[in-house]
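# Working through the structure, step by step
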Amino acid sequence: MLTVAAPRTTPTGWTLRAVVSAHVLAIAGQPVFAGVYLTGDYAGLRLHAAGADVVTSIGYLQAIVAIAVWVRLRQVWPFLATTAVVAAETVQYFAGLNGALWLHLPLGVMTVVAVVVQFIDVWRRPLLREGARSA
């Protein structure tokens, strides 16, 4: 009887998982820091601003890793999804700096949801080289 090994995530896939996991952890703190500020603790604004720098930096790192996934694993969806999130985060970042809360708040909710969805997606199945599933 011939047994077939279960497909396993590649090191490039694990790198994407690690970066997306860091991204979801960082972005989850942003509403907390904003809430601290909104309750009257002005240190929360400093934390929220520092968190924005961290989240945005991780987003750009995730874009680089997503390019590696595209090149090495021939999967473009992580790059496309990451590009959309990073674009939204960048707009949100500058909206926050400029005090455009009418844009900053709803876009913040959407980016948190988008990163959580990415997190679920990269962990729900193995990240393999395209075509390796049937080989």
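Residues numbered from 1 in each chain as written. Predicted model: local features only at pLDDT ≥ 70, side-chain atom pairs only at ≥ 80, totals over all residues. Heavy atoms only, no water.

## Remarks on the packing of aromatic side chains
Stated precisely, the cut-off is as follows: Centre distance within 6.5 Å is the pairing criterion for rings of Phe, Tyr and Trp, where only the six-membered ring of Trp is used; planes under 30 degrees apart are then read as stacked, over 60 as edge-to-face, and the remainder as tilted. Relative accessibility decides the category of a residue: with a 1.4 Å probe and only protein chains considered, values under 20% of the type maximum give buried, values over 50% give exposed, and everything between is partly exposed. A run of H or I in DSSP counts as a helix once it spans at least four residues, and a run of E counts as a strand once it spans at least two, with each numbered from the N terminus. Lysine and arginine charges are scored as sitting over a ring when NZ or CZ, respectively, is within 6 Å of the ring centre and within 35 degrees of the ring normal.
All chains considered together, the criterion is met by 5 aromatic pairs. Here the aromatic rings of Tyr37 and Tyr42 are separated by 5.8 Å at their centres, their planes lie at 65°, and the arrangement is edge-to-face. Its relative accessible area of 30% is what places Tyr37 among the partly exposed residues. A residue is classified by how much of its surface remains accessible, and Tyr42, at 61% relative accessible area, is exposed. On the basis of an interplanar angle of 50° and a centroid distance of 6.4 Å, the ring pair of Phe119 and Trp123 is categorised as tilted. You can see Phe119 and its partner Trp123 sitting in helix α4 (residues 101-124), 4 residues apart, about one turn around the helix. Overall, the relative accessible area of 29% leaves Phe119 in the partly exposed class. Through successive ring pairs, a cluster of aromatic residues spans Trp14, Phe119 and Trp123. A cation over a ring is seen here: Arg17 above Trp14, with NZ or CZ 4.7 Å from the ring centre. The cationic tip of Arg17 hangs over the ring face of Trp123; the distance from NZ or CZ to the ring centre is 4.7 Å.

## Re the side chain of His104
Spelled out, the test is: Each polar contact in these results corresponds to two N or O atoms within 3.5 Å; when the atoms are within protein, one needs to be able to donate a hydrogen and the other to accept it, and residues that are neighboring in sequence are counted only if both atoms are side-chain atoms. The contact criterion used is simple: two residues touch if any of their non-hydrogen atoms lie within 4.5 Å.
Mapped onto the secondary structure, His104 falls in helix α4. Residue His104 is classed as buried on the basis of its relative accessible area, which comes to 11%. Within the structure, His104 has its side chain in polar contact with the backbone oxygen of Gln92 (distance 2.9 Å). Contacts of His104, omitting those with residues within four sequence positions, involve His48, Gln92, Ala95 and Gly96.

## Considering the packing of helix α3 (residues 77-97) against α4
Filter applied, for reference: Only the contacting stretch of a helix is used when fitting its axis, a line to C-alpha atoms as for every element, and angles between N-to-C directions run 0 to 180 degrees. Our angle categories are set so that under 35 degrees counts as roughly parallel, over 145 as roughly antiparallel, 65 to 115 as roughly perpendicular, and the remainder as oblique. For a crossing to be left-handed, the near helix must be turned anticlockwise from the far one by less than a right angle; the clockwise case is right-handed. Residues are sorted three ways: Asp, Glu, Lys and Arg are charged, Ala, Val, Leu, Ile, Met, Phe, Trp, Tyr, Cys and Pro are nonpolar, and all the rest, Gly among them, are polar.
One way to put it is that α3 packs onto α4 with a least axis distance of 9 Å and a crossing angle of 155°. Judged on the interaxial angle alone, α4 and α3 are roughly antiparallel. For α3 against α4, the interelement crossing comes out left-handed. Each of Trp77, Ala81, Thr82, Val85, Ala88, Glu89, Val91, Gln92, Ala95 and Gly96 in α3 lies in contact with α4, whose residues at this interface are Leu103, His104, Leu107, Gly108, Thr111, Ala114, Val115, Gln118, Asp121 and Val122. Split by residue class, the contact of α3 with α4 holds 11 nonpolar, 7 polar and 2 charged.

## Points about the packing of helix α1 (residues 11-38) against helix α2 (residues 43-73)
Where α1 contacts α2, the axes come no closer than 8 Å and their chain directions differ by 160°. In terms of axis orientation, α1 runs roughly antiparallel to α2. Handedness of the α1/α2 crossing: left-handed. Tallied by class, residues from the contact of α1 with α2 come to 22 nonpolar, 10 polar and 1 charged.

## Remarks on the layout of surface pockets
Formally: In this analysis a 1.4 Å probe is tested at points of a 1 Å grid over the protein atoms alone, and where it fits but cannot get out there is a cavity; an open set with protein on both sides within 12 Å along at least five of seven lines is a pocket; lining residues have an atom within 4 Å of a point. Grid points are joined across faces, edges and corners, and a volume is the space filled by probe spheres set on the points.
Considering only enclosed or pocket space, the largest pocket measures out at about 690 Å³ in volume. Looking at the lining of the largest pocket, the elements that each hand over two or more residues are α1, α2, α3 and α4. Counted by class, the lining of the largest pocket contains 15 nonpolar, 8 polar and 2 charged residues.

## Description of a nonpolar patch on the surface
Selection criterion: Patch construction takes residues with relative accessible area above 30% that form no salt bridge. Like charges are linked within 9 Å, and nonpolar side chains (Val, Leu, Ile, Met, Phe, Trp, Tyr) are linked within 5 Å. A 1.4 Å probe and the Shrake-Rupley method give the accessible areas. Residues count as covered only by the protein chains that appear here. We define a salt bridge as a contact between a side-chain nitrogen of Lys or Arg and a carboxyl oxygen of Asp or Glu at a distance within 4 Å.
Taken together, the side chains of Ile67, Trp70, Val71, Val76 and Leu80 make up a nonpolar region of the molecular surface, amounting to roughly 450 Å² of accessible area. Sorting elements by how many residues they give to the nonpolar patch places α2 first, with 3 residues. Assignment of secondary structure puts Val76 in the loop between α2 and α3. The exposure class of Val76 is partly exposed, given its relative accessible area of 31%.

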